[in-house]
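Spelled out, the chains give:
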Amino acid sequence: MTSPRRAEQVAVLCFLLAILAAVGLAVVYWRGGQPQWEGVLLSLTLGGIGSGAVLWGKHLLPPGEVSEERKPLASSSEDRKKFVEELAVTPVQVGEQAGQPQPGPLRARRGLLLAASGAITALGAALLFPIRSLGPRPGGGLTRTRYADGVRRVVQQDGTPMRLADLEADSVVTVWPEGHPDDADSAALLIRLRDEQDLQPREGREDWSVEGVVAYSKLCTHVGCPVGLYQAESALLLCPCHQSTFDVLDGARPVFGPAARSLPQLPLDVDDEGYIVARGDFSSPVGPGFWDRGTEA
Amino acid sequence: MLTRRIAEWLDDRLGAASFARTALAKVFPTNWSFLLGEIALYSFLVLVLTGIYLTFFYVPSAEEVHYAGSYGPLQGVEMSQAYHSALDITFDVRAGLVMRQMHHWAALVFCASILVHMGRVFFTGAFRRPREINWMVGVTLFLLAILNGFAGYSIVDDQLSGTGLRIGYSVALSIPVVGTWLTSLLFGGEFPGSDILQRLYVLHILLVPVVIGVLLTIHLGLLVRQKHTHFSGPGRTEGNVVGVKLWPVFAVKSTGLFFLVAAVLALLGGTFQINPIWLYGPFDPSQVSAASQPDWYMGWLEGALRLMPSWEVRAFGYEIPNPFFPGVLLPGLTFGLLYAWPLLESRVTGDRGEHHLAERPRQRPVRTALGVAALTFYLVLFLAGGEDVIAESFSLSVNAVLRTFQVSAVVAPPVAGLITYRLCTELAARDGLSTGSKVTVREIPRRLLRGTP
């Protein structure tokens, strides 16, 4: 057990250490600052005060424990009865009990009470309306992308359009509709398959690819992370967030992980000048699902 | 004497001397595990202090600017003003990095200490009557701490936290009927929108801290009013509380604890790098890096998102997308159960009496086993949040790791619960302690449904 004398000496030392550290902190700061030293010196300042205080509390103050009685928490039944009475609202019937004093300070007619509650509720409802200004009605933006405007070239983030010759087998390029290279939901992956990889297009999408080049939405249908990883050997797209895996040869159908829907596909073509274009919007709304998304898997 | 003169001056105007005497004489038991809540409280205090400092430098704007600070690799890069200001705090405000890192570490410690404190209260039965209200206040504080932490690291608008925000948006979007409206109003449109940083900022520095402050006051007020629980021992009964008085011993030691907590946070903030945002770069919704994980207290949700099999509900042109189940339903059930626990336990045990003696976990084998099983479940989810890192570190197949975690999520909790139950009964028998309510797990469903007389 530490003697009070010893504890006091150590506590004084702790406080002195704190003073030195504080001075050191000021010097470090004045000379330009340095994060590690700032942290250590601040820590020593705070720690010195803390240690001194704990030593003080443990060894230099009257020791021993005391007992405090726990009184019953509940009030007396007398108090409770009076409280309920004083709080009660006593409806007064029209024409009844005239002249007789009613208990309680609040007297009200039933109809009045009802109208009052109605008014407060109406105010509450009315006050909610400004919340509507926080954002637009959710609408077409969730189901359409810029590609819906019509035939558009696909471009990289710096605006350069793509030719078929720019893509070697196994390459994956992120593209956007021309004119909107920053649009968050129209990012798409342009993938060139190997010659031996057999694309099995979905019904109605037989002409959506061009010479082994397909395009799918880059937004994962799970929770919207960009599907950034491609395993060329097996033509699998992997989303790094939660490892949803999509089979490029089978309409980007999910084959592993939590995603439940295929990546929407972009219909491709080549224009007169040889640049790759999108003929229209994706096959279904891009990105994660929502209540009234409507279409199929 | 000066103290007496000041006290008299104040009492002439406030008449607070007798109240002050009662307050200062309040007794606090001295078990070490009763300090966990204080660690949470003091980390919150550090959060507020460092947070105030940061508000003088952070700019909550999504407007695009080109980096013009002193960090070379990002020179000229386009980024939001918010991210730019966070980089300025890191590199161009003297002591800014320590403040930011201290703030971030304090948030991690805040959530961790709340969890441990909540565990202490749970495993000692200190949530029982009359403390049910305080338990619910505490659960709310936990929820708010998590939300505020998420908001805080998301407003920096770096690539990593932006990915997390995207995930949060998509999870909210998945809520049936109202999801699209909720996200549109919250974000001011589709993701990413230009309003979310500003709004999260207001939530983070004003709305949530004020609510936390009010709830903390209630939490501590209830504690003072109902007095703290204490473990049984010589001289300790249900009718008293044994410990040290608030003044001077408890106040001095508690003040010491505050400074020690702050000292640890300062050491962490200065010497342990956390959230190196300059390495992540500004947020770009078309990019993501592998091995993206959220802060630890969100890990269980992240793991749940990964482990959930790819089930969706689709009918009549409407759907409940997959992320709804792990992202909304699971936390809803989790917090629902947490809130309801005191009432559920009292319903099952039929125990409606007041309790001021804290129990040792081994005295309540069923409750302790259920608690450990629950913790195991969330631990599996938490670890699953890093399954890609685990797979890469140990050169395992990601698919195999995922399947293992999926199986563990179902198998590990009951196993852990059974082991815990045995441990508790053996330990209690060895110590000669009585073991609680004698309700077996098999009886729980019936008692829940029909109540217990």
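Residues numbered from 1 in each chain as written. Chains lettered and ligands numbered in written order. Predicted model: local features only at pLDDT ≥ 70, side-chain atom pairs only at ≥ 80, totals over all residues. Heavy atoms only, no water.

Another aspect to go through is the overall build of chain B. When helices and strands are counted, chain B shows 17 helices and eight strands. Relative to its length of 453 residues, chain B is compact, with a C-alpha radius of gyration of 25 Å against a globular reference of 22 Å. Dimensions along the principal axes, computed over C-alpha positions, put chain B at roughly 70 × 65 × 45 Å. Residues counted as buried form 52% of the 453 residues belonging to chain B. Within the structure as shown, chain B displays about 21200 Å² of accessible surface, and the carbon and sulfur contribution to it stands at 69%. Averaged over its 34 positive side-chain charges, chain B has a centre that lies 17 Å from the centre of its 30 negative ones. (Helix = DSSP H or I, 4+ residues; strand = E, 2+ residues; numbered from the N terminus. Rg over C-alpha atoms; globule rule 2.2 N^0.38 Å. Buried < 20%, exposed > 50% of the residue type's maximum accessible area, 1.4 Å probe, protein only. Areas by Shrake-Rupley, 256 points an atom, 1.4 Å probe, with all protein chains shown as cover. Lys, Arg positive; Asp, Glu negative; His and termini not counted. Charge placed at Lys NZ, Arg CZ, Asp CG, Glu CD.)

Now for the side chain of A:E68. Counting through the fold element by element, A:E68 comes out in strand β1 (residues 66-69). Residue A:E68 is classed as buried on the basis of its relative accessible area, which comes to 17%. At a separation of 2.9 Å, a polar atom in the side chain of A:E68 contacts the main-chain amide nitrogen of B:V27. Each residue touching A:E68, except ones within four places of it in the same chain, is listed here: B:A25, B:K26, B:V27, B:K227, B:N240 and B:V241. (Polar contact = N/O pair within 3.5 Å; in protein donor to acceptor, adjacent residues only side chain to side chain. Contact = heavy atoms within 4.5 Å.)

Residue and element names in this part refer to chain B. With an omega of 5°, the peptide bond between R129 and P130 qualifies as cis. For V177, which is not a glycine, the phi torsion comes out positive at approximately 65°. With respect to the helices and strands, V177 occurs in the loop between α7 (159-173) and α8 (179-187). Unlike most non-glycine residues, K227 shows phi in positive territory, near 65°. A residue is classified by how much of its surface remains accessible, and K227, at 13% relative accessible area, is buried.

Moving on to the sheet that holds strand β1 (residues 27-28) of chain B. The strands making up a sheet associate through hydrogen bonds between their backbones, and the pairing can be parallel or antiparallel. Spatially, three strands are ordered β1(A)-β5(B)-β1(B) in an open sheet, and the strand pairing comes out antiparallel. On the outer flanks of this sheet lie β1 of chain A together with β1 of chain B, each paired with one strand and no other. When β1(A) meets strand β5 (residues 240-245) of chain B, the two strands line up antiparallel, connected through four bridges. Each bridged residue has a counterpart across the sheet, and for A:V66 the counterpart in β5(B) is B:G243. Contacts from helix α10 (residues 246-271) of chain B reach β1 and β5 of chain B, with the element oriented near 70° to β5(B). (Pairing = 2+ DSSP bridges. Axes fitted to C-alpha atoms, helices over the stretch in contact; angles between N-to-C directions.)

Residue and element names in this part refer to chain B. A large share of helix α4 (residues 81-91) lies buried, amounting to eight of its eleven residues. For α4, the complete set of buried residues consists of A82, Y83, H84, S85, A86, L87, I89 and T90. Lining the buried residues of α4 we find α3 (36-55), β2 (64-66), β3 (78-80), α5 (96-123), α9 (196-226) and α11 (277-280).

A side chain of one charge can pair with a side chain of the opposite charge when the charged atoms of the two come close. Tallied over the entire structure, the rule returns 32 salt bridges over all chains. Notably, a salt bridge pairs B:R236 with A:E65, separated by 2.7 Å at the nearest N-O pair. Here B:R236 is found in the loop between β4 (230-231) and β5, whereas its partner A:E65 is found in the loop between α2 (35-59) and β1 on a different chain. Of the residues examined, A:E65 reaches a relative accessible area of 38% and is grouped as partly exposed. (Salt bridge = Lys/Arg side-chain N within 4 Å of Asp/Glu carboxyl O.)

Moving on, we get to the interface of chain B and chain A. Contacts between the two partners involve 90 residues from chain B and, on the opposite side, 71 residues from chain A. Both sides together, the interface formed by chain B and chain A hides about 6500 Å², and carbon and sulfur atoms give 64% of it. Here chain B and chain A share five salt bridges between them. Across the contact surface, chain B and chain A share 26 residue pairs in polar contact (both at pLDDT 80 or more). Among the elements that make up the side of chain B that touches chain A, the one with the highest residue count is α10(B) (14 residues). (Buried area = accessible area lost by both parts, 1.4 Å probe.)

Turning to the confidence of the model for chain B, a few remarks are in order. Residues at a pLDDT of 70 or more form 100% of chain B, whose mean pLDDT is 95. Scoring the predicted complex yields pTM 0.94 and, for the interface, ipTM 0.93. (pLDDT = per-residue confidence, 0-100.)

With that settled, the discussion passes to the state of the cysteines. In protein structure, a disulfide is the covalent linkage between the sulfur atoms of two cysteines. All names here are of chain A. Across all of its chains, the model carries one disulfide over all chains by this definition. Disulfide pairing places C225 opposite C241 at an S-S distance of 2.1 Å. Classification of the bridge connecting C225 and C241 rests on its S-S torsion, roughly -85°, and on that basis the disulfide is left-handed. Placement of the pair is C225 in the loop between β7 (213-217) and β8 (229-231) and C241 in the loop between β9 (236-238) and β10 (245-247), with a sequence separation of 16 residues. The structure places no disulfide on C239, whose sulfur is separated from the nearest cysteine sulfur, that of C220, by 3.9 Å. (Disulfide = S-S within 2.5 Å.)

This part covers the packing of aromatic side chains. All names here are of chain B. All told, the structure shown has 26 aromatic pairs over all chains when counted by the stated rule. When the ring of F91 is compared with that of W278, the centres are 5.3 Å apart and the planes differ by 70°; the resulting orientation is edge-to-face. One end of the pair, F91, is in helix α4; the other, W278, is in helix α11, with 187 residues separating them in the sequence. Given the relative accessible area of 14%, W278 is considered buried. (Phe/Tyr/Trp six-rings, centres within 6.5 Å; stacked < 30°, edge-to-face > 60°.)

To continue, consider the pairing of strand β6 (residues 188-192) of chain A. All names here are of chain A. By the criterion of burial, β6 is predominantly enclosed, with five of the five residues buried. Taking every second residue as pointing to the same face, both faces of β6 are buried, with A188, L190 and R192 on one and L189 and I191 on the other. Pairing analysis gives four bridges linking strand β5 (residues 172-177) to β6, with the strands arranged antiparallel. Each bridged residue has a counterpart across the sheet, and for V173 the counterpart in β6 is L190. Strand direction decides the pairing type here: β6 and β7, joined by five bridges, are antiparallel. Within the sheet, the bridge partner assigned to L190 lies in β7 and is A215.

A word on the sheet that holds β6(A). Residue and element names in this part refer to chain A. Read from one edge of the open sheet, six strands run β7-β6-β5-β4-β13-β12, paired in antiparallel fashion. Edge strands, defined here as strands with exactly one partner in the open sheet, are β7 and β12 (268-270). Between one strand and the next, the sheet's axes are offset by a mean angle of 45°, whatever the strand orientation. Bridging between strand β4 (residues 152-155) and β5 involves two bridges; their strand directions are antiparallel. Following the sheet pairing, V154 is matched in β5 by P177.

This part covers the side chain of A:R153. All names here are of chain A. Mapped onto the elements, R153 comes out in strand β4. A residue is classified by how much of its surface remains accessible, and R153, at 19% relative accessible area, is buried. A distance of 3.0 Å separates polar atoms of two side chains, one belonging to R153 and the other to D271. Setting aside its immediate chain neighbours within four residues, R153 contacts P161, W176, P177, E178, D271, E273, Y275, I276 and V277.

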